[in-house]
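So the chains spell out like this:
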Amino acid sequence: MLRDITIGQYYQTESVIHKLDPRVKIGGTLIYIISLFLFENVWGYLLAALFLGLVIKLSHVPFRFMVRGMRAILFLLLLTLVFNLFLTPGEALITFWKLKITKEGIIMAVRMALRLSFLIIGSSIMTLTTTPNNLTDGMEKMMGPLKIFKVPVHEVAMMMSIALRFIPILMEETDKIMKAQIARGADFESGGLIKRAKSLVPLLVPLFISAFRRANDLAMAMEARCYRGGEGRTKMKPLVYKRRDYLSYLVIVGYLAGKIVLGIYL
Amino acid sequence: MTLIVDHVNYIYDPDSPLAHKALDDICLTIPDGQFIGIIGHTGSGKSTLVQHLNGLVTATEGHIYFDGEDIYDKDFDKKKLRSQVGLVFQYPEHQLFEIDVFSDVCFGPKNLGLERKEVELRSYEALRQVGFPDELFYQSPFDLSGGQKRRVAIAGVLAMKPKVLILDEPTAGLDPQGREEILGLIKRLQKETGITIILVSHSMEDVAEYVERIIVMNKGKVMYDDVPKEVFKHHKELEEVGLAAPQVTYIMEALREKGLAVSKEATTVEEATEEILRAFASK
């Protein structure tokens, strides 16, 4: 029932992208997102699409998995499309009643839709090809310098990895609770807003109780293993850059440079 | 109220790398009033199978008929099916949510749209049927012991007056005494009300003594479907798939090897005692 949510989901397969250091993927995703907002011309978008296509091809993750992630933001996408289409001032093409579609509006809407889709697909490649543990490992390492400013980097990373780890567990739990209540005649689908909100009570109460119980158990298990925060803690698999990681950095920087060059000279 | 499972296939997570066949061409007939045990190792598909029976999971292929009607028909009332085929899940924690035991049991019948009086009457009856003590009716369900929680969960489904009651691992996580109590309760329920009961378990010990028919599941397929005696004759094959016949079967086997003329038929402790006594008497 809740299988459509792909955020934070990992797709297991063998590929170059999977093997990359998480720091490369995080950095690369950031650069890619920034690049989307840098220059606006057709060639720039083409390059971005090409780069994205290449990475998707290399990642061996079926394209429909990324599209599935898009479903969650479909509403947002449509909303931006509609607003841009009707509310951008400029040369009117079609007018009915008080609404008019302008040429600028169409261009703007297409741009926004492309940007948003690229952004979502780009970042979902990162989560699809990196295990949550690896991801937070990478973040911890990247945020390392912040420790000088007394930012609890390790704790933040630990909280994130726990939160990510718990998403699938809690989803599965939700599924089971839902089934148990449907078996007792609960109806989560019909009725007005208030009735629907009310119908969630039999779902949320057991879910919260179980979440608290799990959190409690986890805290206990961590204590039992003498967890005392990041101070002096070593890693079993420390992150080390390899040749392919340096190469990927080069490719990413090359892409960014290409985008800038295209933006300035075309 | 016969349930017929007709060539049902179910593929889990169809378009992902984790796709696998959870049910493989299952055909079963479940007549009225039978007490059935479904046994299988973890991942054998037994839970998936019972979730098909009340329409919680829809088969990838095949049909299920309840009382002659195809439950996958567009105009089939799934809600009615769920009130007729009651399913109690493994963990009572997944369904208890109300402030007190009584209101929690009322949830099921209330969803059927019954009058308040009828709802309360049924809930009271159900709680009595599972032997739940009156003085705990207005306790929070979360403060109860594991065994009591399970009783409340069973009552919550019984209050809907199902014709078929399915219990998914009702004894998981209980101590031996709690286990015996719950199983005894289920047996009594079946005798008193005559409803069909399907008991899902991974332990032969659990079901051998109580059920009249055993369905052994392995890797999504029905491996055996027979009376306990017949199924236990295959104890070697059962071991191969990670199951075991009840201990009694092994004792009888060992006795036979030592030259005591006991029959293979005994499956419960009582039967075995009788059989051994008889064998010694005739010696």
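Residues numbered from 1 in each chain as written. Chains lettered and ligands numbered in written order. Predicted model: local features only at pLDDT ≥ 70, side-chain atom pairs only at ≥ 80, totals over all residues. Heavy atoms only, no water.

On to the overall build of chain B, then. Across its full length, chain B holds eleven helices and ten strands. A compact globule built from 283 residues should have a C-alpha radius of gyration of about 19 Å, and chain B, at 20 Å, falls within 12% of that. The C-alpha extent of chain B, read off along each of the three principal axes, is 65 × 50 × 35 Å. For chain B, the residues scored as buried account for 51% of the 283 residues in total. Considering only contacts in chain B between residues 6 or more positions apart, those separated by 24 or more positions represent 62%. Total accessible area computed for chain B in this model is approximately 13200 Å², and 49% of it derives from carbon and sulfur atoms. Distance between charge centroids for chain B: 2 Å, based on 32 positive and 47 negative side chains. (Helix = DSSP H or I, 4+ residues; strand = E, 2+ residues; numbered from the N terminus. Rg over C-alpha atoms; globule rule 2.2 N^0.38 Å. Buried < 20%, exposed > 50% of the residue type's maximum accessible area, 1.4 Å probe, protein only. Contact = heavy atoms within 4.5 Å. Areas by Shrake-Rupley, 256 points an atom, 1.4 Å probe, with all protein chains shown as cover. Lys, Arg positive; Asp, Glu negative; His and termini not counted. Charge placed at Lys NZ, Arg CZ, Asp CG, Glu CD.)

Taken as a whole, chain B shows an average pLDDT of 86; of its residues, 98% reach a score of 70 or greater. Predicted as a complex, the structure gets a pTM of 0.75 and an ipTM equal to 0.84. (pLDDT = per-residue confidence, 0-100.)

Listed per partner, the contact involves 24 residues of chain A and 26 residues of chain B. In this assembly, chain A packs against chain B so that about 2100 Å² is buried in total across both faces, 60% of it on carbon and sulfur atoms. At the junction of chain A and chain B, the tally comes to one salt bridge. Between Arg184 of chain A and Asp104 of chain B there is a salt bridge; the shortest N-O distance is 3.2 Å. Linking chain A with chain B are five residue pairs in polar contact (both at pLDDT 80 or more), by the criterion used here. Those elements that place two or more of their residues in the side of chain A that touches chain B are helix H4 (63-71), helix H8 (153-183) and helix H10 (201-224) of chain A. A per-element tally of the side of chain A that touches chain B places H8 of chain A first, with eight residues. Partitioning the side of chain A that touches chain B into residue classes produces twelve nonpolar, three polar and nine charged. (Buried area = accessible area lost by both parts, 1.4 Å probe. Salt bridge = Lys/Arg side-chain N within 4 Å of Asp/Glu carboxyl O. Polar contact = N/O pair within 3.5 Å; in protein donor to acceptor, adjacent residues only side chain to side chain. Nonpolar A, V, L, I, M, F, W, Y, C, P; charged D, E, K, R; others polar.)

Turning our eyes to something else, we now look at the domain arrangement of chain A. The domain architecture assigned to chain A consists of domain 1 (1-130 + 243-266) and domain 2 (147-233). The centre of domain 1 of chain A, based on its C-alpha atoms, is set 30 Å off from the matching centre of domain 2 of chain A. (Domains from an automatic or database assignment.)

Let us now look at a negative patch on the surface. All names here are of chain B. Taken together, the side chains of Glu180, Glu205, Glu209, Glu270, Glu271 and Glu274 make up a negatively charged region of the molecular surface. Ranked by residue count, the leading element in the negative patch is helix H11 (residues 269-281), at three residues. Position of Glu205 relative to the elements: it lies in helix H7 (residues 204-208). (Patch = residues over 30% accessible without salt bridge, like charges linked within 9 Å, V, L, I, M, F, W, Y side chains within 5 Å.)

Moving on, we come to H8 of chain A. Residues and elements named next belong to chain A. The first and last C-alpha atoms of H8 sit 45 Å apart over 31 residues, in line with the 45 Å expected at 1.5 Å per residue. At Ile167, H8 shows its maximal kink, close to 30 degrees; a proline, Pro168, follows between one and four residues later. Where H8 terminates, the next one or two residues include Gly185, which has phi positive at roughly 85 degrees. (Expected span 1.5 Å × (residues − 1). Bend = angle between axes of the 7 residues up to and from the residue.)

Residue and element names in this part refer to chain B. Spatial ordering of the open sheet is given by S2-S1-S4-S5, a layout of four strands whose pairing is antiparallel. The outermost strands of the open sheet, each flanked by one partner alone, are strand S2 (20-30) and strand S5 (69-70). As defined by bridge partners, strand S1 (residues 3-12) adjoins strand S4 (residues 61-66) across five bridges and the pair is classed as antiparallel. By the bridge assignment, Asn9 is partnered in S4 with Glu61. Across the sheet, helix H1 (residues 46-53) touches S1, S2 and S4, and the angle it forms with S2 is around 55 degrees. (Pairing = 2+ DSSP bridges. Axes fitted to C-alpha atoms, helices over the stretch in contact; angles between N-to-C directions.)

Once that is clear, we can look at a nonpolar patch on the surface. Residues and elements named next belong to chain A. On the surface, a cluster of nonpolar side chains totalling about 780 Å² of accessible area is made up of Leu93, Ile94, Phe96, Trp97, Leu99, Ile106, Val110 and Leu114. Mapped onto the fold, Trp97 is located in the loop between strand S1 (92-96) and strand S2 (99-102). Judged by relative accessible area, Trp97 falls into the exposed class, the value being 76%.

As for its placement among the helices and strands, Gln51 of chain B is situated in helix H1. Among the residues examined, Gln51 of chain B registers a relative accessible area of 9% and is labelled buried. Here the side chain of Gln51 of chain B touches Lys179 of chain A through a polar contact of 2.7 Å, side chain to side chain. Beyond its immediate stretch of four places on either side in the chain, Gln51 of chain B contacts Lys179 of chain A together with Leu56, Val57, Leu87 and Phe89 of chain B.

Below, the discussion takes up the pairing of strand S8 (residues 196-201) of chain B. All names here are of chain B. In terms of residue burial, S8 counts as a mostly covered element, since six of its six residues are buried. Where burial is concerned, the two faces of S8 agree: the one with Thr196, Ile198 and Val200 and the one with Ile197, Leu199 and Ser201 are both buried. In terms of strand pairing, strand S3 (residues 35-40) meets S8 through five bridges, oriented parallel. In the sheet register, Gly37 faces S8, and the bridge partner there is Leu199. Note: strand S7 (residues 164-168) against S8, five bridges, orientation parallel.

Turning next to the environment of Ser44 of chain B. Residues and elements named next belong to chain B. With respect to the helices and strands, Ser44 occurs in the loop between S3 and H1. Between the C-alpha atoms of Ser44 and Ala22, which are 22 residues apart in sequence, the distance is 7.4 Å. Setting aside chain neighbours within four positions, we find Ser44 in contact with Ala22, Met217, Asn218, Lys219 and Gly220. Looking at Ser44, its side chain comes within polar contact range of the main-chain oxygen of His41, at 2.8 Å.

Looking now at the pattern of salt bridges. When the charged atoms of two side chains with opposite charge come close together, those side chains can pair. Residues and elements named next belong to chain B. Per the counting criterion, the structure on display carries 20 salt bridges over all chains. Asp134 is the salt-bridge partner of Arg128, the closest N and O atoms lying 3.8 Å from each other. Overall, Arg128 belongs to the partly exposed group, its relative accessible area being 44%. Take Asp134: its relative accessible area is 39%, and that puts it in the partly exposed class.

Let us now look at the packing of aromatic side chains. In this structure the tally under the stated criterion is eleven aromatic pairs over all chains. Between Phe102 of chain B and Phe137 of chain B the ring centres are 6.0 Å apart and the planes differ by 15 degrees, which places this aromatic pair in the stacked class. One end of the pair, Phe102 of chain B, is in helix H3 (residues 101-111); the other, Phe137 of chain B, is in the loop between helix H4 (116-129) and helix H5 (146-158), and 35 residues separate them in sequence. The pair formed by Phe102 of chain B and Phe137 of chain B is uniform in burial state, with each residue classed as buried. An aromatic cluster is defined as three or more aromatic residues linked by ring pairs; in this entry it consists of Phe102, Tyr124, Phe132, Phe137 and Tyr138 of chain B. The residue whose ring lies beneath Arg23 of chain A is Tyr241 of chain A, and the NZ or CZ to ring-centre distance is 4.0 Å. (Phe/Tyr/Trp six-rings, centres within 6.5 Å; stacked < 30°, edge-to-face > 60°. Lys NZ or Arg CZ within 6 Å of the ring centre and 35° of its normal.)

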